[in-house]
Amino acid sequence: TSRTMSLLSQLEKINSDSIGGEAENARYVTSKILHLVQSQEKTRKEMTSRGSTGIEVILSTLEVRLFNLFFICSFVCLVLFFLGGGRRAGVLVTKGGTQILLQLLLNVSKDSPTNEELMVLLHTLLAKIGPKDKKIGVKARINGALNISLNLVKQNLQNHKLILPCLQVLRVYSSNSVNAVSLGKNGVVELMFKIIGPFSKKNTSLMKVALDTLAALLKSKTNARRAVDRGYVHVLLTLYVDWHRHDSRHRYMLIRKGILQCIKSVTSIKLGRKAFIDANGMKILYNTSQECLAVRTLDPLVNTSSLIMRKCFPKNRLPLPTIKSAFHFQLPVIPANGPVAQLYSLPPEVDDVVDESDDNDDVEAESEVEAENEDDKDQHFKNDDIETDINKLKPRQELGRPIEELKMYEQFFPELLENFQECDLVSKEPKPFQSDANLGGPIVVPTAGEE
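Residues numbered from 1 in each chain as written. Predicted model: local features only at pLDDT ≥ 70, side-chain atom pairs only at ≥ 80, totals over all residues. Heavy atoms only, no water.

**Student:** Explanation requested: the side chain of T213 in the structure shown.
**Tutor:** With respect to the element layout, T213 can be found in helix α14 (residues 204-217). Side-chain polar atoms of T213 contact the backbone oxygen of V209, separated by 2.8 Å. Beyond its immediate chain neighbours, meaning those up to four positions away, T213 contacts L167, L170, R171, S174 and M192. (Helix = DSSP H or I, 4+ residues; strand = E, 2+ residues; numbered from the N terminus. Polar contact = N/O pair within 3.5 Å; in protein donor to acceptor, adjacent residues only side chain to side chain. Contact = heavy atoms within 4.5 Å.)

**Student:** I keep staring at the packing of aromatic side chains and nothing clicks. Help me out?
**Tutor:** Two aromatic rings, taken as a pair, are described by how far apart their centres are and by the angle between their planes. Counted under the stated rule, the structure contains three aromatic pairs. With centroids separated by 3.9 Å and ring planes inclined at 15°, the aromatic side chains of F193 and Y232 adopt a geometry described as stacked. Of this pair, F193 sits in helix α13 (residues 188-196) while Y232 sits in helix α16 (residues 232-246), and the two are 39 residues apart along the sequence. For F193, a relative accessible area of 7% corresponds to the buried category. Judged by centre distance (4.8 Å) and plane angle (75°), the ring pair of F199 and W243 falls under edge-to-face. Pair noted here: F199 is in the loop between α13 and α14 and W243 is in helix α16, with a separation of 44 residues, a long-range link. The exposure class of W243 is buried, given its relative accessible area of 0%. (Phe/Tyr/Trp six-rings, centres within 6.5 Å; stacked < 30°, edge-to-face > 60°. Buried < 20%, exposed > 50% of the residue type's maximum accessible area, 1.4 Å probe, protein only.)

**Student:** Please clarify how the packing of α14 against helix α17 (residues 253-266) should be interpreted in this entry.
**Tutor:** Between two packed helices, both the angle of their axes relative to each other and the distance between the axes serve to describe the pair. Axis separation between α14 and α17 bottoms out at 9 Å; the angle between their running directions is 20°. Accordingly, the angle class assigned to the pair α14 and α17 is roughly parallel. Taken as a pair, α14 and α17 cross one another with a handedness that is left-handed. Residues T204, M207, K208, L211, L214 and A215 of α14 lie in contact with α17, whose contacting residues are L254, I255, G258, I259, Q261, C262 and S265. (Axes fitted to C-alpha atoms, helices over the stretch in contact; angles between N-to-C directions. Parallel < 35°, antiparallel > 145°, perpendicular 65-115°, else oblique. Left-handed = near helix turned anticlockwise from the far one by under 90°.)

**Student:** Explain the nonpolar core to me, please; I cannot follow it from the model alone.
**Tutor:** When a protein is soluble and globular, its nonpolar side chains tend to lie buried together. Membership of the largest hydrophobic core comes to 86 residues, with the highest contact counts inside it found for L167, Y173, I196, L214, L236 and I259. Not counting residues up to four positions away in its chain, the partners in contact with I259 are L211, L236, L239, Y240 and W243. Grouped together as the second largest cluster of nonpolar side chains are nine residues, L8, L11, V29 and I33 included. (Core = buried A, V, L, I, M, F, W, Y, C linked by side-chain atoms within 4.5 Å.)

**Student:** It is not clear to me how the environment of A227 should be interpreted in this structure. Could you clarify?
**Tutor:** Position of A227 relative to the elements: it lies in helix α15 (residues 221-229). Put simply, A227 and V266 are 39 residues apart on the chain and 7.7 Å apart in space, counted from C-alpha to C-alpha. In this structure A227 touches V189, L218, Y232 and V233, once residues within four positions along its chain are discounted.

**Student:** Just to check I follow, could you spell out the packing of helix α18 (residues 270-278) against helix α20 (residues 299-312) for this structure?
**Tutor:** Two numbers describe how α18 lies on α20: the axes approach to 10 Å, and their chain directions differ by 105°. With respect to α20, the axis of α18 lies roughly perpendicular. Between α18, through R273, F276 and I277, and α20, the contact on the second element is made entirely by I308, K311 and C312. Residues of the contact of α18 with α20, tallied by class, amount to four nonpolar, no polar and two charged. (Nonpolar A, V, L, I, M, F, W, Y, C, P; charged D, E, K, R; others polar.)

**Student:** Can you walk me through helix α19 (residues 281-292) in this structure?
**Tutor:** Side chains three or four residues apart in an α-helix point the same way, a direct result of the helix having 3.6 residues per turn. The end-to-end C-alpha distance of α19, which contains twelve residues, comes to 16 Å, matching closely the 16 Å that a straight helix rising 1.5 Å per residue would cover. Buried within α19 we find G281, I284, L285, T288, S289 and C292. For α19, the angular spread of buried residues about the axis comes to 120°, placing them on one side. Along α19, the residues that are exposed and aim more than 90 degrees away from the buried face are K283 and E291. Of the surrounding elements, those touching the buried residues of α19 are α16, α17, α18 and α20. (Expected span 1.5 Å × (residues − 1). Arc of directions from axis to C-beta.)

**Student:** Hey, could you run me through the layout of surface pockets in this one?
**Tutor:** A water-sized probe, rolled over the atoms, reveals where empty space remains. Reported here for the second largest pocket is a volume of approximately 280 Å³. Around the second largest pocket sit 14 residues that line it, and H160, K194, I195, G197 and L206 are the ones nearest its centre. Where the lining of the second largest pocket is concerned, the elements lending two or more residues are α11 (160-173), α13 and α14. For the lining of the second largest pocket, the element with the highest residue contribution is α13, accounting for three residues. Here the residues of the lining of the second largest pocket sort into seven nonpolar, five polar and two charged. (1 Å grid on protein atoms, 1.4 Å probe; cavity = no way out; pocket = protein on both sides within 12 Å on 5 of 7 lines; lining within 4 Å. Points joined across faces, edges and corners; volume = space filled by probe spheres on them.)

**Student:** Hey, could you run me through the pattern of salt bridges in this one?
**Tutor:** Oppositely charged side chains can pair when the atoms bearing their charge come close. For the structure on display, the rule yields seven salt bridges. The salt bridge involving D133 is made with K139; its shortest N-O contact spans 2.9 Å. K139 gets classed as partly exposed once you look at its relative accessible area, which sits at 26%. As a salt-bridge pair, K208 and D212 come within 2.5 Å of each other at their nearest N and O atoms. Of this pair, K208 and D212 both sit in helix α14, four residues apart, which is roughly one turn of the helix. (Salt bridge = Lys/Arg side-chain N within 4 Å of Asp/Glu carboxyl O.)

Given below as structure tokens:
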């Protein structure tokens, strides 16, 4: 066997041994494995080859030696060096690595003071395997690790090295709607705005991750309403204008797009669209888009701005007697009183189309909490759009002509009548029957013309 497999076998034997004196030997074996993984790509491939038990041994060691800080740091580093691509992250998820890392994070967070280096390593690892595990948000909530990352960010706002991987993990957690609502209640929306503002070109990587996390959080209508109530729509527009003015070389296009994504998420609700109009957002996005048209690489900004403006532009019914329309549709008769006369008397800036898209948003939090059961329990998927009533599925056939007119065709289709069994299609006479005692029943004898 290779050197790596030999070391893994020794480590597995040490894990199964309950003697406390093996700690020094385990420390030596761990250091050797970490050195091989760091220095040789061949070793990483060997550990993920088919039939290899390297990942199982590493994860089991993490479970056995949760109390030893040296082993935790060494093996988390080992897993980080082991994760070189998406396939390796998928292997770690299938082996139950997500649950072990979340439990490890929960145990380490109980220490006081918290080990900063270990927290950075754990969150970096969770951020890498998170996109490969669709249930990581549910596992974190059930495990009780959901607010650990949020509390770390709250307590270390100036420690950018620590909060960057924490924000990456929060971005993964926020893809779950129930998690987004829970984090919003704990003040994560306000926290994100402390990180992204005011305008500064320092720590742009942290700014980008914070904007992506905020955009994911604002997809929840509960969080979007919270942002509108605190006046953050105006903050986003001001921040976008600042980046647009200072980014003359277009090096921070992703940050500008992240701000637009946040505005797009907020304007998904009616209150957000109203706040956008009140903050003069239409003029701001229109002017900035006009300035971006000359640069082809800024097309994503123009496209996103166009989507936001189309969504927020006031809607009016036809005919439009105001300057909003390039065409004037004149009604033949306009009554003096009534709803039509009221529409024509409205000022140009009034949106006369009633927007009922989110009038029932007050119950959204309850519906999102109910969705938790669907995430926590693997229930059988049921498509409510499929009609199961057989009577409704049968098309109703309506006759195009009266039945009296159709009776003239009865002689051509005698088989459609109730007494067609008594009718002979050729001779128009009943068919003769002959009884056979051996067969115990009548036998039909065809006539000469029926052969």
